[in-house]
Amino acid sequence: MTHRSHLLSTADLSADDATLILDTAAELARLADRPIKKLPTLRGRTVVNLFYEDSTRTRISFETAAKRLSADVINFSAKGSSVSKGESLKDTALTLEAMGADAVVVRHWASGGPHRLAHAGWIRSAVVNAGDGTHEHPTQALLDAYTLRSRLGGLEGRRVTIVGDVLHSRVARSNVRLLATLGAEVTLVAPPTLMPFGVEGWPCSTSYELDPVLPKSDAVMMLRVQRERMDQAFFPTEREYSRRYGLHADRMALLPEHSVVMHPGPMNRGLEISAEVADSARSTITEQVANGVSVRMAVLYLLLGGSEPAIGTEDEGERR
Amino acid sequence: MRAVLDAAAVQRALTRIAHEILERTQGADDAVLLGIPTRGAHLAVRLARQIAAVEGRSLPHGTLDVTMYRDDLRLKPARALGRTEIPAGGVDGKLVVLVDDVLFSGRTIRAALDALGDLGRPRAVQLAVLVDRGHRELPIRADYVGKNLPTAQRETVQVRLAETDGEDAVLLGSKADHTREGAR
Amino acid sequence: MSRNWTVKGAAVLGGTPRDLHLRDGLIVEEAAPDATVIDASGLIALPGLVDLHTHLREPGREDAETVLTGTRAAAAGGFTAVHAMANTDPVADTAGVVEQVWRLGREAGYCDVQPVGAVTVGIAGERLAELGAMADSAARVRVFSDDGHCVSDAALMRRALEYVKAFGGVVAQHAQEPRLTEGAQMNEGELSDVLGLRGWPAVAEEAIIARDVLLAAHTGSRLHVCHLSTAGSVELVRWAKSKGYPVTAEVTPHHLLLTEDLVRGYDPVYKVNPPLRTKEDVEAVRAGLADGTIDVVATDHAPHPVEAKDCEWAVAAMGMLGLETALSVVQQTMVETGLLDWTGVADRMSVAAARIGSLEGHGRPLEPGEPANLTLLDPAARRLIEPGSLHSRSRNTPFAGLELPGAVHATFLRGTATVLDGKVVER
């Protein structure tokens, strides 16, 4: 039986692991320029997309990645939220195991969902976390790091500013960890209500104000702000949020020449980012999408392509 | 391990291969050299330079990584990829000369042919190797050989190049001497 | 129907070994002629344990536990009386339901079941339940609690405290400010951030306790704080007692031993309310139990069916089993660390609980003339906790796989052996 491993969190990746993924992705990116955009490497393997949350873009990205490696792809759009209980995670897992899935790419609304899937002893497949609750989104962080590395020529010592609803953002959590692992300096900017409780212990700096941080940023990553947070008293009005933390043209002018603007998508044009900024030459938003496919191809290859995975956590087996 | 080719012999072999390529392709007008990483890539560069020195014009050359096409992927941990760089003119309608350091089972070359097939349609494919050590497991043969070196299965052949190992040499030893020889 | 027993050479409350004679449901001076002899050398005799906080789940959730299976588990754990919390279905907010639960306990016969009455109708927190009717019923309810939920409305809590004075009742509060803990999954702190789970801040417990101890003083009525879990809560209760306020408090065995680090693996067996806290909190509650700030150990035994825990963390039910492991956990965390001796254990796990619950016949001294409710413990035994061999109908014990000290050798309920030789006696 091949030794299974998982990609559940950026905490599982050492600097070497992450660099291996980025380098592999760089090679695989060239595939996009070829007439035949396919490699035979995962022929005969089955990759299941198990999505408990709607996300067409991420699902398509993983599907494209798996298909380019000649794997068979099955899409499972699972019902089951805290409101509408569908089939239990366990029963779904047992079904996938019976179908012979080699890898399960799972997006779940509950933090720790992919973790349970990987370690409860229900399946033997490799598990890739495509985003769980407010916990982690490792492949997003990897494609962000890849994008930054190519645009800025490297990551060591680069100053990356992440702005917005950090408290509820799995993208922020994954990025902070991964960028710190790869030697970048990260600053988080948010109102105090949207900063995580224990953020002093995170490998980054923080600021409640955006303007002083921008001139020292090589890259700015804008996080999506959900309008519902306003009703939960995290900030008073959209207008105030946008004024204090939104990236608009005049703020963009504060950035150094070479700086880039990123956004994991989908954007609230006009709230955290203005249309002008989103469509400017500094913006990497469309590249991030293309890079996502290469990075996800690299992850699938490194987890499934050999007798043993080259990255990721060990399977703890039948652990309680 | 003992040296079966020293630096001078390696250089002579490469010079001879370069001339043979020119001869058999009648001037190598539409030839493209593709080296298989790691050492095959360096050899391809050297051959291109030699040919350029003789003919006075440069020959398109690049690299072709075959990792994703190997038939033994599932026998070893997932490997890091090498670089694939195809020269500007592409491979369609060209005479592609694959370059590698050692020809052994032939499986690497089989993978290279598959990889090449996904990149385009050459008019012909030839193979140049520095050392042919026998023990083919597939019907593959080299068109240009630097040295024919009959070996026992349990022996290992190690090619060292200045670009990667600091010196040029071909060494022959037993399995205990060298742990990194993969099936070629 | 009790039989007659002679317990030979038991260390009563850990003291000098002596003989205990049980006859016709009482402890007596001399052995009955037909008394069965139990060799209790090396064993410790404690008054039968009393739990102030158990969930027996019946009526309504019999898939998790019934009064029968729950009281068998209690007897196995050395308990002779348990207070059954009111959050059943239907809720125990009327004389009818509490009498049903009380009767089920008597029929099962493994330990006394003292029903707890809900403070508010349906535990909805809106209006008072018929506390008087429950007090006057055959179940003679004295402890009232909306446990599972907090009586968060200050005016309602005040009225409840005042009202129960009429019959010597006590309001047991589940301290959890609802607005600060919406959707909360685990202790709020650095770890909850890292794991992406919404936090349950300590202040949500402490703010309610602070308010309630002042209300208890103001109304002159007894307040009991359920499952206290933070260092701040211990300090508040200590302050309240120093002022002479009528406040008592309990701590669960799991809060004496386990910390939030266990949540890292997202295994829902560690999901509980209030959540597992930090090492500092564990040390504070141990110290509080040792110095008497915390009066009792109460299990908050909360059985859940397998499917309620075999799922994602966010979807899993909160609660842990406790009856069958409580005494062992207390031995490990309090006796073996030198914080409490066996007399102290007897006080915290029997005497004080009976006093707070106004429960007659339990928590009494092991002296002639008293009811023969006692537990024999083998402190030298060690046992591996296996969920499959528990007497509870459910399996959600957080101590699974751990080796714990001490094993209950026998339990006597008014002279009837409910556990003998470490095994539950079939009835």
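Residues numbered from 1 in each chain as written. Chains lettered and ligands numbered in written order. Predicted model: local features only at pLDDT ≥ 70, side-chain atom pairs only at ≥ 80, totals over all residues.

1. Focus on the overall build of chain A
Broken down by element type, chain A carries eleven helices and eleven strands. In terms of C-alpha radius of gyration, chain A reaches 19 Å, essentially the compact-globule figure of 20 Å for 320 residues. Considered along the principal axes of its C-alpha atoms, chain A spans approximately 55 × 45 × 35 Å. For chain A, the proportion of its 320 residues judged to be buried stands at 53%. Look at the contacts in chain A between residues 6 or more apart in sequence, and 77% of them connect residues 24 or more apart. (Helix = DSSP H or I, 4+ residues; strand = E, 2+ residues; numbered from the N terminus. Rg over C-alpha atoms; globule rule 2.2 N^0.38 Å. Buried ≥ 20, exposed ≤ 12 C-beta atoms within 10 Å, placed from the backbone. Contact = placed C-beta atoms within 7 Å.)

2. Here we look at the pairing of strand β14 (residues 247-251) of chain C
All names here are of chain C. Counted residue by residue, β14 has five buried out of five residues, so it is predominantly covered. Side chains V247, A249 and V251 project from β14 onto one buried face, and the interleaved T248 and E250 project onto a second face that is buried too. Across three bridges, the pairing between strand β13 (residues 223-225) and β14 is parallel. The residue of β14 that forms the bridge with V225 is A249. As for the winding sense of the linkage, the β-α-β connection from β13 through helix α7 (residues 231-242) to β14 is right-handed. (Pairing = 2+ DSSP bridges. Right-handed = clockwise from strand over helix to strand, strands pointing away.)

3. So, the sheet that holds strand β8 (residues 169-174) of chain B
Residue and element names in this part refer to chain B. Read across the open sheet, the three strands follow the order β1-β8-β7; overall the sheet is antiparallel. Where the open sheet ends on each side, the last strands, each with one partner, are β1 (2-5) and β7 (155-160). For this sheet the average axis-to-axis angle between neighbouring strands, irrespective of direction, equals 35°. Of the pairings in the sheet, the one linking β7 to β8 comprises six bridges and is antiparallel in character. Across the sheet, residue T156 finds its bridge partner in β8, namely G173. (Axes fitted to C-alpha atoms, helices over the stretch in contact; angles between N-to-C directions.)

4. Considering the nonpolar core
If you look at the biggest cluster of nonpolar residues, it comprises 286 residues, and the most contacted ones within it are A:I21, A:V104, A:A145, A:V163, A:L300, B:L47 and C:A45. A per-element tally of this core places helix α11 (residues 285-304) of chain A first, with eleven residues. Split by domain, this core shows at least three residues from each of two domains, domain 1 (5-137 + 289-314) and domain 2 (139-284) of chain A. Ignoring any residue separated from it by four or fewer positions in sequence, one finds A:V104 in contact with A:V48, A:L50, A:L96, A:L117, A:I123, A:S125 and A:V127. (Core = buried A, V, L, I, M, F, W, Y, C linked by C-beta atoms within 7 Å. Domains from an automatic or database assignment.)

5. Things to note about the sheet that holds strand β9 (residues 143-144) of chain C
Residues and elements named next belong to chain C. Judged by pairing direction, the sheet is parallel, and its five strands sit side by side in the order β9-β10-β13-β14-β15 without closing on themselves. Whereas interior strands pair on both sides, the edge strands pair on one side only; in this sheet they are β9 and β15 (296-297). Pairing geometry for strand β10 (residues 170-173) and β13, over three bridges, is parallel. Its bridge partner being in β13, V171 is matched across the sheet by L223.

6. A word on the domain arrangement of chain A
Residues and elements named next belong to chain A. Taken domain by domain, chain A consists of domain 1 (5-137 + 289-314) and domain 2 (139-284). A C-alpha centroid distance of 26 Å is found between domain 1 and domain 2. Contacts between domain 1 and domain 2 engage 22 residues on the former and 20 residues on the latter. For the side of domain 1 that touches domain 2, the elements supplying multiple residues, two or more each, are α1 (15-29), β5 (126-132) and α11. Considered class by class, the residues forming the side of domain 1 that touches domain 2 number ten nonpolar, eight polar and four charged. (Nonpolar A, V, L, I, M, F, W, Y, C, P; charged D, E, K, R; others polar.)

7. Structural notes on the environment of A:P191
Residues and elements named next belong to chain A. With respect to the helices and strands, P191 occurs in the loop between β7 (185-189) and β8 (205-207). Measuring from C-alpha to C-alpha, the distance between P191 and G112 comes to 26 Å, with 79 residues separating the pair along the chain. When near neighbours in sequence (up to four residues on either side) are disregarded, P191 contacts Y208, F235 and Y245.

8. Regarding the interface of chain A and chain C
Between chain A and chain C, the residue contacts involve 24 residues of the former and 21 residues of the latter. When residues of the side of chain A that touches chain C are traced back to their parent elements, those giving at least two are α3 (89-98), α4 (113-119) and α6 (170-181) of chain A. If you tally residues by element for the side of chain A that touches chain C, the top one is α4(A), at four residues. Along the lines of polarity and charge, the residues of the side of chain A that touches chain C split into four nonpolar, 13 polar and seven charged.

9. Quick look at the interface of chain A and chain B
Across the boundary between the two partners, chain A contributes 19 residues, which contact 15 residues of chain B. Of all the elements in the fold, those that place two or more residues in the side of chain A that touches chain B are α1 and α11 of chain A. Broken down by element, the side of chain A that touches chain B gets its largest block of residues, four residues, from α1(A). Of the residues in the side of chain A that touches chain B, the class split is eight nonpolar, five polar and six charged.

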